[in-house]
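The residues making up each chain are set out below.
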Amino acid sequence: MASIREPEVQFAQRLASNERPIRSKALKKLRKYINARSQRASDGFTGDELLKLWKGLFYCLWMQDKPLLQEELSKQISTLIHSFNDTDKQLLYLESFLLTFKREWTGIDRLRMDKFFQLVRFVFRQTFEALKRKNWESSAVSKFLEMLTAQLLQSSSEAPCGLQLHILDLYLTELATVGSAELTADQNLTFIDPFCKTAAKTKNQTLFSAICRSIFSTIIDQAPFAIEDLMKEVKAAEASEEDETQIKAGKSSEEEEEEDDDDDDDHLEEDTELLSDDIGPVLQFDYAALADKLFELARRNSTPGQNRQRLYKVIKVLRDLSEGVFPESEYPEEVSTDEDDEMFGSRRRMKRGRGHVEGPEAPAAKKSKEFRKTDRSLLVSPDGSSRVPFDPQQKPKFGVLKSSPIPLSSSIKKTPKSNKTSSNTPKSTPKPRPLAADFF
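Residues numbered from 1 in each chain as written. Predicted model: local features only at pLDDT ≥ 70, side-chain atom pairs only at ≥ 80, totals over all residues. Heavy atoms only, no water.

## Digging into the packing of aromatic side chains
All chains considered together, the criterion is met by 23 aromatic pairs. With a centroid separation of 5.2 Å and 40 degrees between ring planes, the pair formed by Trp-54 and Tyr-93 is classed as tilted. Taken together, the positions of Trp-54 in helix 3 (residues 47-62) and Tyr-93 in helix 5 (residues 87-104) put the pair 39 residues apart, joining distant regions of the chain. Neither Trp-54 nor Tyr-93 differs from the other in exposure class; each is buried. Centroid distance Trp-105 to Phe-117: 5.7 Å. Interplanar angle 50 degrees. Geometry classified as tilted. Taken together, the positions of Trp-105 in the loop between helix 5 and helix 6 (113-133) and Phe-117 in helix 6 put the pair 12 residues apart, joining distant regions of the chain. Taking relative accessible area as the criterion, Phe-117 reaches 26% and is therefore assigned partly exposed. We note Arg-37 situated over the ring of Phe-45; from NZ or CZ to the ring centre the distance is 4.5 Å. Positioned over the ring face of Phe-295 is Arg-319, at 5.3 Å from the centre of the ring. (Phe/Tyr/Trp six-rings, centres within 6.5 Å; stacked < 30°, edge-to-face > 60°. Helix = DSSP H or I, 4+ residues; strand = E, 2+ residues; numbered from the N terminus. Buried < 20%, exposed > 50% of the residue type's maximum accessible area, 1.4 Å probe, protein only. Lys NZ or Arg CZ within 6 Å of the ring centre and 35° of its normal.)

Shown next as structure tokens:
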């Protein structure tokens, strides 16, 4: 008698089928199966069972073509996390997802990589959504961060570098998309705590650079927009309080004037929203608390010296932000906006040019494009020809000649010395040509 296969194995085989209708039908049945089994407290999923299901889900996306269908399938797979009623089972589902992707990551070809990148993003978005439905409970958040550290950030996790970098890139973006309106600065600091600890102790410079770029640099770059959002909330709260007092007072004239002011404020808010549409939602952070936290981690003896030096730079910028000083990009001191003007340069170049001058003679200045077009003069000197800048007030000592195709060395020839007659003596007339009649 044939042995009965486990339902998880049957689901995995149907999810990896070549036929799309079979895969779609299997995914719908899997959702109902998870809902029914999660309601029974005594009959929950184990880690091995979820690994079998995730292998089928992985190859279900592998077999799917066309971008729109891939996006729809990624959304359906990621929302399966909400079918689990218990937070522990939801995190076990996420852990099985990370284990599956760590195992299969190196086998993904470049043509299929984009759709798996998209699935990773959607899974983390739905994970944050599940935490949001639990009202961001500290116990659930701490379990999520412990699992993320164990499966992704620790050196013993053996996570592929590409998977680590992608998750770091999307982490703050997806967290802000889901919880920017509800999370406080202290809660946001808790969400990045594993990355701060990893940056202070890791010896993997690729991972350390990715954390600095994707976490710390993102927080610093979004600081002006975070403060702008905070000011908007303060203004909205003040406006609501003013509206309540005006309704109680019942002053119609003042209300009309304030409505005009509100219209102007609305226009300003619309303009600022247009400027910040590309940034999207941002998270609020206590920059002083983050700087203190990083300093406590960086000052430990176990922190590598290279990591400590870079963390101190991040700490300095964060403390400046806490005092209201925003980092400014460095620009050269002197920048010429005129493309034809080459005389504008740094002072160092001018000083170097002056340092090479020897003797009382004037140095040859740099000529601009305009001087090259107009000046074609040559200074003829006993030592040879040399180009000089044109000065209308000073005439050349040995005369100025227009440039000619004939080389100067051939044009200047020494004439043999001859006995010159004085200018007062009359010139001798040439003899007439003899004719034939003179000989007869």
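## A few points about the side chain of His-166
When you line up the elements, His-166 lands in helix 8 (residues 161-179). Take His-166: its relative accessible area is 12%, and that puts it in the buried class. At 3.0 Å, the side chain of His-166 and the backbone oxygen of Phe-117 are in polar contact. If we skip the residues at most four places from it in the chain, His-166 touches Phe-117, Val-120 and Arg-121. (Polar contact = N/O pair within 3.5 Å; in protein donor to acceptor, adjacent residues only side chain to side chain. Contact = heavy atoms within 4.5 Å.)

## Quick word on a positive patch on the surface
Among the surface-exposed residues, Arg-5, Arg-14, Lys-25, Lys-28, Lys-29 and Lys-32 lie close enough to one another that they form a single positively charged patch. Per element, the largest residue contribution to the positive patch is four residues, and it comes from helix 2 (residues 20-38). Relative to the helices and strands, Lys-28 resides in helix 2. (Patch = residues over 30% accessible without salt bridge, like charges linked within 9 Å, V, L, I, M, F, W, Y side chains within 5 Å. Areas by Shrake-Rupley, 256 points an atom, 1.4 Å probe, with all protein chains shown as cover. Salt bridge = Lys/Arg side-chain N within 4 Å of Asp/Glu carboxyl O. Lys, Arg positive; Asp, Glu negative; His and termini not counted. Charge placed at Lys NZ, Arg CZ, Asp CG, Glu CD.)

## Thoughts on the environment of Thr-206
Within the element layout of this structure, Thr-206 appears in helix 11 (residues 205-221). Of the residues examined, Thr-206 reaches a relative accessible area of 43% and is grouped as partly exposed. Taking the C-alpha atoms as reference points, Thr-206 and Gln-164, separated by 42 residues in sequence, lie 10.0 Å from one another. Look past the residues within four positions of Thr-206 in its chain and what remains in contact with it is Cys-161 and Leu-165.

## Section: the pattern of salt bridges
Across all of its chains, the model carries 14 salt bridges by this definition. Where Glu-296 meets Arg-299, a salt bridge forms, and the shortest distance between an N and an O atom there is 3.7 Å. Its relative accessible area of 44% is what places Glu-296 among the partly exposed residues. Arg-299 sits in the partly exposed class, given a relative accessible area of 49%. Sharing partners across several salt bridges, the network here consists of Glu-8, Arg-37 and Glu-49.

## A closer look at the packing of helix 4 (residues 67-78) against helix 6
To describe two helices that pack against each other, one gives the angle between their axes and the distance between the axes. Contact geometry for helix 4 and helix 6: axes closest at 9 Å, N-to-C directions at 35 degrees. The crossing of helix 4 and helix 6 is right-handed. Here helix 4 contributes Gln-70, Glu-71, Ser-74, Lys-75, Ile-77 and Ser-78 to the contact with helix 6, which in turn contributes Lys-115, Gln-118, Leu-119, Phe-122, Val-123 and Gln-126. For the contact of helix 4 with helix 6, the per-class residue count stands at four nonpolar, five polar and three charged. (Axes fitted to C-alpha atoms, helices over the stretch in contact; angles between N-to-C directions. Left-handed = near helix turned anticlockwise from the far one by under 90°. Nonpolar A, V, L, I, M, F, W, Y, C, P; charged D, E, K, R; others polar.)

## Regarding helix 15 (residues 305-322)
In this model, helix 15 (18 residues) spans 26 Å end to end at C-alpha, consistent with the 26 Å of a helix rising 1.5 Å per residue. Those residues of helix 15 that sit buried are Asn-307, Leu-311, Val-314, Ile-315, Leu-318 and Leu-321. Angularly, the buried residues of helix 15 cover 115 degrees about the axis, an arc narrow enough to put them on a single face. Counted as exposed and oriented over 90 degrees from the buried face of helix 15: Gln-306, Gln-309, Lys-313 and Lys-316. Looking one or two residues past helix 15, Gly-324 carries a phi angle of roughly 90 degrees, positive in sign. (Expected span 1.5 Å × (residues − 1). Arc of directions from axis to C-beta.)

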